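Here's the letter readout for the chains.
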Amino acid sequence: MHVRAARFRVALVDPEDSEFFTGLRTERFAADPLGDPFTFGFTVFAPSTEAEITTRSPLGPVSERYYQFRSGDTIAVRLSNGSTLRAVAVTVIPRYSSIRLVSAIMWIDAESFGLARVAYRLAKPVDREMTWRLQSGGRWSPGLHIDISPPDPADRAPAPDSTPDRPGFFDRLVNGAFNSVFPRLRLDISTVVAEYELWEMRHWLPRSVTWRGDMSAMEGVTAAGLAPLAVPAMIDWTLEIEDIRERGAEATAGTPATAAAALRLWRQEGDIISGALAEAEPGETVTITPADRQALVASDLLPPTVWEEEGGVDDAIIERIAAELAGIGTGEGGDRAEAPSPWLFDAPGKTLRLLRYNPVERVSLGTRLQRDLGWGRAALTARVGTARVAPDIDLTLQRNHPGHTMLVSFYRSLRDGEPGEGGSTPGIYVTGDTEDFHWSHGAAVRFLPPLGERSWLSLRLFAEQDAAIPSDAKRNRAGAAVAWAPWWGTLKPGSFGGGGRASVRASAGDNPHVRAVVEGTLVIPLFSRLFLGLQAGTARVWGDPAPHDLWRIGASGRWLRGHAESVRGARVHMARIDLQRPIRFLRLSVFGDWASAGGEDFYAVGAGLVFMDGILRVDVARGLGSNGRDGADPVLKLHFRGDAWF
């Protein structure tokens, strides 16, 4: 079988301009037409590692050790030549949750037992198995590492001369500190659909593959946590098969008779070969990547496809299949030794991302216990401050549905009044007066879009009692908050993008009021890998707000940096300009802030470092001018921020 091209598109990640996966080339993911379909796209490349999620295939000889099978309906499959055949749907149920197992549906031809279509997803998202490595072998080599650790020695026998990868002390120290600061990542390969075609009524061959997944953070399972921001990944392949030569048959006239002849015929100067052909094992795929990849798509040398019409499945079918896969669940039996524990514990003091400072708690040490429930997660987060105040406690249950995510929370939490959806918790490092904060006891229900949606709409219903600091005046309230955060374009540097946030929060009971925020953002690429970020926003409070219901800007750095204390107001405006340049896995930033509250203007300039597309940034800002307000003097100040647009 000669495969001349695998055409695909990547909606978000550009392998030629990747900040975190240098050397990643998407053609390495291409679906091997001779391979098991349950391995399509399951290879992860990073600068220092090349790890493969070795899926236990439902087509393997011992698959019943890992899967249960259930036959379903018989459907009619229409081929491109107009004929039809019968295919039986078989549901594949993993016996336990593991990144090496899949939930799948196979449509099997009732006569030839060939696959007409296969759809699957990982039985479990890749989360605790994935960590960052900055150092490897004593060298600076940032990248992601996936720890598969198959317990079965026969599953992957090491080579006689192989040595285990044992990081040194300094490697473990640097990597451990980095992973304790940054949120854990979560990779969910949610839907893979492979379409097959019966070529000349003899051979079932892959026609197209649709791959959907998303990367997000695991740390937002709290009552006031950020919506699970996820970066979607979408890859589509359409396989265009030039010719098929059965065993023992002569080569078709005009086509190379051997793989070596094909290599000599097709290779041009500057092309990249994925392996050494002379050392390739029988059946191994060797990929030739042209120096100009776009030239292949437009080349007159590319022969016509054997298919009579374009293949693939539309978005509506993908959504329906994704919902069916998400509802499969897990079966019974099987050796669960390789399944990870459903519990995950972050010890106090060891997890730096749960460490924070504010004038109420002073230094606050956090700990978190999470439980994977299959259909979602439960998270208990507790913080104890050195200022001898009562602990901050949050218990949240997350339920994942195909169409939305629901979080139910019970909490006693420290809150502040930053612009946002409402009820936000203090960040890593926040200064100001204790009057800028209050305690909140209550319960809330949040409805969010499914994980993986970049543009999301959320609804929060709450009933709580607020306690002012330091007067301890209590207010009973109930209400709702609606937030919308659209984004258009890609998120990678060098491309246009735009979006914003809009939220309205209404509270009834004591001190009834309404708070509203609108923000807009625009990212503009410039020359020499520079890009410009522009942001503007306005916020307003109506009704009878308590002091802590007013908007607060200044000390936290959310809308204004470089000022000693907070500035309160019922109406605030802001604008920001930010110039950035990517350098390896971070970005250098210089910026300017403007904000207005109570009829007075405030300014700041500064520089900072942005990590992982805004998951965390560190800024040094200097306020400008004299505003005449007590406690709001311009200063040189350090700010830590998360969830930044740029």
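Here, the structure is the one placed above.
This structure is a prediction, so every number in the text was calculated from the model and none was measured.

**Quick look at the overall build of the protein chain**
Here is step 1 of the chain: Scanning the protein chain from N- to C-terminus turns up 4 helices and 34 strands.
Here is step 2 of the chain: Looking at the protein chain residue by residue over its 646 residues, the buried ones come to 49%.
Here is step 3 of the chain: Across the protein chain, contacts joining residues at least 24 apart in sequence account for 59% of those joining residues at least 6 apart.
Here is step 4 of the chain: Looking at the protein chain as shown, the accessible area adds up to about 29800 Å², and 57% of this sits on carbon and sulfur atoms.

**A word on the environment of Ile189**
Here is step 1 of the chain: Counting through the fold element by element, Ile189 comes out in strand E10 (residues 185-199).
Here is step 2 of the chain: According to the relative accessible area criterion, Ile189 is buried, its value standing at 2%.
Here is step 3 of the chain: Put simply, Ile189 and Tyr120 are 69 residues apart on the chain and 9.0 Å apart in space, counted from C-alpha to C-alpha.

**Looking at the pattern of salt bridges**
Here is step 1 of the chain: Using the criterion set out here, one finds 26 salt bridges in the structure.
Here is step 2 of the chain: Glu519 is paired through a salt bridge with Arg558; the nearest N and O atoms lie 3.6 Å apart. With Glu519 in strand E26 (residues 513-525) and Arg558 in the loop between strand E28 (551-553) and strand E29 (567-569), this residue pair connects regions lying 39 residues apart in the sequence.
Here is step 3 of the chain: With a relative accessible area of 5%, Glu519 lands in the buried category.
Here is step 4 of the chain: Here the residues in one salt-bridge network are Arg561, Arg576, Asp578, Asp593, Arg617 and Asp619, joined through shared partners.

**Examining the nonpolar core**
Here is step 1 of the chain: In terms of nonpolar packing, the biggest core is built from 55 residues, with Val118 and Tyr120 touching the most fellow members.
Here is step 2 of the chain: With 8 residues, the single largest contributor to this core is E10.
Here is step 3 of the chain: Look past the residues within four positions of Val118 in its chain and what remains in contact with it is Pro37, Phe38, Ile105, Met106, Trp107, Val192, Val193, Ala194 and Tyr196.
Here is step 4 of the chain: Core analysis: the second largest hydrophobic core is formed by 13 residues, Ile553, Val572, Met574 and Ala597 among them.

**Remarks on a nonpolar patch on the surface**
Here is step 1 of the chain: On the surface, Trp343, Phe345, Leu369, Leu380, Ile393, Leu395, Leu397 and Phe410 cluster together into a nonpolar patch covering about 740 Å² of accessible area.
Here is step 2 of the chain: Counting only elements with at least two residues in the nonpolar patch, the list comes to strand E15 (343-346) and strand E19 (392-400).
Here is step 3 of the chain: With 3 residues, the top contributor of residues to the nonpolar patch is E19.
Here is step 4 of the chain: The topology assignment puts Phe345 in strand E15.

**Things to note about helix H4 (residues 315-326)**
Here is step 1 of the chain: Look at H4: 16 Å from first C-alpha to last across 12 residues, which is about the 16 Å you get at 1.5 Å a residue.
Here is step 2 of the chain: Residues of H4 that are buried sit in contact with strand E6 (102-109), strand E7 (115-122), E10 and strand E11 (203-217).

**Quick word on the environment of Thr538**
Here is step 1 of the chain: Following the sequence through the fold, Thr538 ends up in strand E27 (residues 531-543).
Here is step 2 of the chain: Thr538 sits 36 residues away from Met574 along the chain, and the two C-alpha atoms are 6.3 Å apart.

**A word on unusual backbone geometry**
Here is step 1 of the chain: With omega at 0°, the peptide bond leading from Ile469 into Pro470 counts as cis.
Here is step 2 of the chain: Along the chain, the position of Pro470 falls in the loop between strand E22 (456-468) and strand E23 (474-485).
Here is step 3 of the chain: Positive phi values are uncommon outside glycine, yet Arg362 reaches one of about 60°.
Here is step 4 of the chain: Secondary-structure assignment places Arg362 in strand E17 (residues 362-372).
Here is step 5 of the chain: Although it is not a glycine, Asp472 adopts a positive phi angle of roughly 65°.
Here is step 6 of the chain: Inspection of the secondary structure assignment puts Asp472 in the loop between E22 and E23.

**A look at the pairing of E7**
Consecutive side chains of a regular strand alternate in pointing toward one face of the sheet and then the other.
Here is step 1 of the chain: Counting buried residues along E7, 8 of its 8 residues qualify, which places the element largely inside the surrounding structure.
Here is step 2 of the chain: In this structure, E6 lies alongside E7, joined through 7 bridges in antiparallel fashion. By the bridge assignment for E7, Trp107 is matched with Arg117.
Here is step 3 of the chain: The antiparallel hairpin formed by E6 and E7 contains 5 residues in its connecting segment, where Phe113 sits at a positive phi of about 60°.
Here is step 4 of the chain: Note: E7 against E10, 4 bridges, orientation antiparallel. The residue bridging Tyr120 from the neighbouring strand is Val192, located in E10.

**Section: the pairing of E19**
Here is step 1 of the chain: Sheet topology note: the strand E18 (residues 376-385)/E19 ladder contains 8 bridges and is antiparallel. Residue pairing in the sheet places Leu380 in a bridge with Leu395 of E19.
Here is step 2 of the chain: Where E18 hands over to E19, the hairpin turn is made up of 6 residues, of which Arg388 adopts a positive phi near 60°.
Here is step 3 of the chain: Pairing of E19 with strand E20 (residues 405-416) involves 8 bridges; the strand directions are antiparallel. When the bridges of E20 are listed, Asn400 appears paired with Thr405.
Here is step 4 of the chain: As consecutive antiparallel partners, E19 and E20 are separated by 4 residues.

**Remarks on the packing of aromatic side chains**
The geometry of an aromatic ring pair is captured by the separation of the ring centres together with the interplanar angle, meaning the angle of the planes.
Here is step 1 of the chain: Counted by the stated rule, this structure contains 4 aromatic pairs.
Here is step 2 of the chain: Seen in terms of ring centroids, Phe38 and Tyr120 are 4.9 Å apart; in terms of plane orientation they differ by 45°. Their pairing is tilted. With Phe38 in the loop between strand E1 (2-10) and strand E2 (43-45) and Tyr120 in strand E7, this residue pair connects regions lying 82 residues apart in the sequence. For the pair Phe38 and Tyr120, one class covers both residues: buried.
Here is step 3 of the chain: Taken together, a centroid distance of 6.3 Å and an interplanar angle of 80° make the contact between Tyr429 and Phe640 edge-to-face. Placement of Tyr429 in the loop between E20 and strand E21 (437-448) and of Phe640 in strand E34 (residues 636-641) is noted, with a sequence separation of 211 residues between them.

**What to know about helix H1 (residues 169-181)**
Here is step 1 of the chain: For H1, with 13 residues, the first-to-last C-alpha span of 19 Å sits near the 18 Å given by 1.5 Å per residue.
Here is step 2 of the chain: On its buried face, H1 is in contact with strand E8 (130-136).

**Description of the environment of Gly520**
Here is step 1 of the chain: Secondary-structure assignment places Gly520 in strand E26.
Here is step 2 of the chain: Under the relative-accessibility criterion, Gly520 is labelled partly exposed at 30%.
Here is step 3 of the chain: The spatial distance from the C-alpha of Gly520 to the C-alpha of Ala485 is 9.6 Å, given a sequence separation of 35 residues.
Here is step 4 of the chain: The contact partners of Gly520, leaving out residues within four places of it in the chain, are Gly499, Gly500, Leu534, Gln535 and Ala536.

**Section: the side chain of Asp549**
Here is step 1 of the chain: Its place among the elements puts Asp549 in the loop between E27 and E28.
Here is step 2 of the chain: In terms of polar contacts, Asp549 uses its side chain to reach the backbone amide nitrogen of Ala546, at 2.8 Å.
Here is step 3 of the chain: When neighbours within four sequence positions are excluded, Asp549 is seen to be in contact with Arg477, Asn511, His513, Arg515 and Val541.

**Examining the side chain of Ser98**
Here is step 1 of the chain: Tracing the chain through its elements places Ser98 in the loop between strand E5 (84-94) and E6.
Here is step 2 of the chain: With a relative accessible area of 3%, Ser98 lands in the buried category.
Here is step 3 of the chain: Setting aside chain neighbours within four positions, we find Ser98 in contact with Ala123, Lys124 and Glu338.

What counts as what
- Residues numbered from 1 in each chain as written.
- Predicted model: local features only at pLDDT ≥ 70, side-chain atom pairs only at ≥ 80, totals over all residues.
- Heavy atoms only, no water.
- Helix = DSSP H or I, 4+ residues; strand = E, 2+ residues; numbered from the N terminus.
- Buried < 20%, exposed > 50% of the residue type's maximum accessible area, 1.4 Å probe, protein only.
- Contact = heavy atoms within 4.5 Å.
- Areas by Shrake-Rupley, 256 points an atom, 1.4 Å probe, with all protein chains shown as cover.
- Salt bridge = Lys/Arg side-chain N within 4 Å of Asp/Glu carboxyl O.
- Core = buried A, V, L, I, M, F, W, Y, C linked by side-chain atoms within 4.5 Å.
- Patch = residues over 30% accessible without salt bridge, like charges linked within 9 Å, V, L, I, M, F, W, Y side chains within 5 Å.
- Expected span 1.5 Å × (residues − 1).
- Pairing = 2+ DSSP bridges.
- Phe/Tyr/Trp six-rings, centres within 6.5 Å; stacked < 30°, edge-to-face > 60°.
- Polar contact = N/O pair within 3.5 Å; in protein donor to acceptor, adjacent residues only side chain to side chain.

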